[in-house]
Amino acid sequence: MNLNITHVTSEVFEWDRPTIWNGSHFYDKGRLHKVTVYTDQGLVGSGWNGGTASTRPFGLMPRFVDYYRPLMIGKNPLDTRRLLIDLWERQIKILGPAGLHTQALAALLAACADIKGKAADLPLYKMLGGAKERVRAYIAGGYYAEGKDLSRLKDEMIYNVEELHATAVKMKIGDPSTGVSGDMERIAAVREAVGPEVLLLTDANCACDRETAMEFADAMAQYDVYWFEEPLPIYDFDGYRALASHSSVKIATGENYYVFSDFENLLDHKGVSVLNVDVAICPGYDVAEDVARAALNRGVSIAPHGCQELQLPLVAGVANGELLEYYPPEVDPLRGEMFQPSLVLAPDGFVDVPSAPGIGFELNMDLLNRYRVA
Ligand SMILES: [Mg+2]
């Protein structure tokens, strides 16, 4: 189909929400950056950044879209791999290989992938391979917050399991003021709260040095922790190798890698069991698909990080998609109504992949327009 991009828009939304932290980063405002790609045949695609717990400076995004717009006008949005060459590889000398600008590019390429699905009248997960119609989800939570003691942490986890139907839950560790012993008390409390059957995941957001990561890995094994996410700084590939070969708890990482070569390097170091690739960080579904295939060849699974509505087509599409990260409305009350349809966990802790063409979700603009800042 000969489609041409005619217009590209960029909008930013911002709202207040409860302050949380992960041990290393404070998150206050909720923000979302939406891009819309228009074509000469009336097909329109949407992509976005946001819809996660983290606060990112999306006020900068419209300027990056200003840069990419003239490179996109007149191009066919179905040719996403050609766009990746023109807008990423050929711009490395000018923009650098990765950063906020590639996050903006990821949203633009997601919008093109949305158009691709709509043009084919197929949901995107089918175009990525259609491996499964249902995906097990885990609830991202267990953040640190002001006045959040062990009993509040346990209440949150019990709520996630009993009310939200989670069969897998994640909690943050690595806050320096809590320390390893304090975090181990938190892990013990959560395991006691959710019982032995629920999958328990931990996430340090790169807060540990090698020694602390080893100490955590050894200590959390007794609580049957399923994975230990981002224990180390992202480019300590040798550290990841040493930890993964030592730890009986699986090592997960990948949400902060932008470039295929970084994932490949980590895989070559045998430093990971689960890759948390994020299609709104690495530039688009094509790169994420390449990462999933490289991981498959090495017996590594994919459990994407980030906005569940964007990641669901990937994890459901590829052969080695394992778990979907799921942010409940409790992390950000607005997100419960931000996406249509509303994605909820079935009583067995799985989510159903929508059958609508494209990404399968639309943003609720009646709601978001109240919070527009750019
Ligand atoms: Mg994480």
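Here we summarise the structure given alongside this text. (Residues numbered from 1 in each chain as written. Predicted model: local features only at pLDDT ≥ 70, side-chain atom pairs only at ≥ 80, totals over all residues.)

## What about helix H9 (residues 237-246)?
What counts is decided by this rule: Using C-beta atoms placed from the backbone, we call a residue buried if 20 or more other C-beta atoms fall within 10 Å of its own, exposed if 12 or fewer do, and partly exposed for counts in between. To qualify as a helix, a DSSP run of H or I must reach at least 4 residues; to qualify as a strand, a run of E must reach at least 2; elements of each kind are numbered from the N terminus. Note that the arc is defined by the directions from the helix axis to the C-beta atoms. The contact rule is simple: place each C-beta atom from the backbone, and if two of them lie within 7 Å, those residues are in contact.
Residues of H9 that are buried include every one of Tyr-240, Leu-243 and Ala-244, and no others. Down the axis of H9, the buried set is contained in an arc of 95 degrees. They therefore lie on one face. Opposite its buried face, H9 presents the exposed residues Asp-238 and Ser-245, each directed more than 90 degrees away. Those residues of H9 that are buried lie in contact with helix H8 (210-220), strand E10 (250-253) and helix H10 (260-268).

## Describing the pairing of E10
Going by this rule: The rule for pairing is simple: two strands pair if DSSP sees at least two bridges between them. Orient the strands so they point away from the viewer; a crossover is then right-handed if the path from the first strand over the helix to the second runs clockwise.
In the sheet, strand E9 (residues 225-229) pairs with E10 via three bridges, with the strands oriented parallel. By the bridge assignment for E10, Phe-228 is matched with Ile-251. This β-α-β element, E9 to H9 to E10, shows right-handed connectivity. Relative to strand E11 (residues 274-275), E10 runs parallel, the two sharing two bridges. Looking at E11, one finds that Thr-253 is bridged to Leu-275.

## Re the sheet that holds strand E1 (residues 5-15)
Test applied: Each axis is a line fitted through C-alpha atoms, and for a helix only the stretch in contact is used; angles between axes span 0 to 180 degrees, taken between their N-to-C directions.
Strand order in the open sheet formed by three strands is E1-E4-E5, and the pairing between neighbours is antiparallel. The open sheet has two free edges, formed respectively by E1 and strand E5 (44-50), since each of these has just one partner strand. Within this sheet the neighbouring strands show an average axis-to-axis angle of 15 degrees, counted without direction. In the packing of helix H1 (residues 61-72) onto the sheet, the strands contacted are E1, strand E4 (30-39) and E5, and the crossing angle to E1 comes to about 170 degrees. Here helix H4 (residues 100-120) sits on the sheet in contact with E1, E4 and E5, set at roughly 145 degrees to E5.

## So, the packing of helix H2 (residues 80-87) against H4
In plain terms, the rule: Any angle that falls under 35 degrees is termed roughly parallel, while one over 145 is termed roughly antiparallel, one within 65 to 115 roughly perpendicular, and all others oblique. If you view the pair so one helix is near and one far, a crossing is left-handed when the near helix is turned anticlockwise from the far one by less than a right angle, and right-handed when it is turned clockwise.
It is at 10 Å that the axes of H2 and H4 come closest, and there the two elements cross at 160 degrees. When the interaxial angle is binned, H2 and H4 end up roughly antiparallel. Handedness of the crossing formed by H2 with H4: right-handed. Residues Thr-80, Leu-83, Leu-84 and Leu-87 of H2 lie in contact with H4, whose contacting residues are Leu-105, Leu-109, Cys-112, Ala-113 and Lys-116.

## Focus on the nonpolar core
Let me state the cut-off plainly: The nonpolar core criterion groups buried Ala, Val, Leu, Ile, Met, Phe, Trp, Tyr and Cys residues into a set whenever they are joined through C-beta atoms within 7 Å. Domain start and end points were adopted from an automatic or database domain assignment.
Grouped together as the largest cluster of nonpolar side chains are 115 residues, with contacts concentrated most on Leu-108, Ala-110, Val-169 and Val-272. Here this core spans two domains, and each of domain 1 (5-123 + 364-371) and domain 2 (126-362) adds at least three residues to it.

## Concerning unusual backbone geometry
Note that the residue after Gln-340, namely Pro-341, is joined by a cis bond; omega there is 0 degrees. One can find Pro-341 in the loop between strand E14 (339-340) and strand E15 (350-352). Backbone geometry at Asn-205 places phi at a positive 45 degrees, although glycine is not the residue there. Counting through the fold element by element, Asn-205 comes out in the loop between strand E8 (199-203) and H8. Residue classification places Asn-205 among the buried positions, given that 20 C-beta atoms sit within 10 Å. One non-glycine residue, Lys-270, lies in the positive phi region at around 55 degrees. By the secondary structure assignment, Lys-270 is in the loop between H10 and E11.

## Re the environment of Gly-141
Tracing the backbone through its elements, the reader meets Gly-141 in the loop between strand E6 (134-140) and helix H6 (150-162). Judged by C-beta crowding, with 24 C-beta atoms within 10 Å, Gly-141 ranks as buried. Here Gly-141 is in contact with Glu-156, Asn-160, Val-169, Lys-170, Met-171, Pro-328 and Val-331, once residues within four sequence places are set aside.

Coordinates in, geometry out; function isn't part of it.
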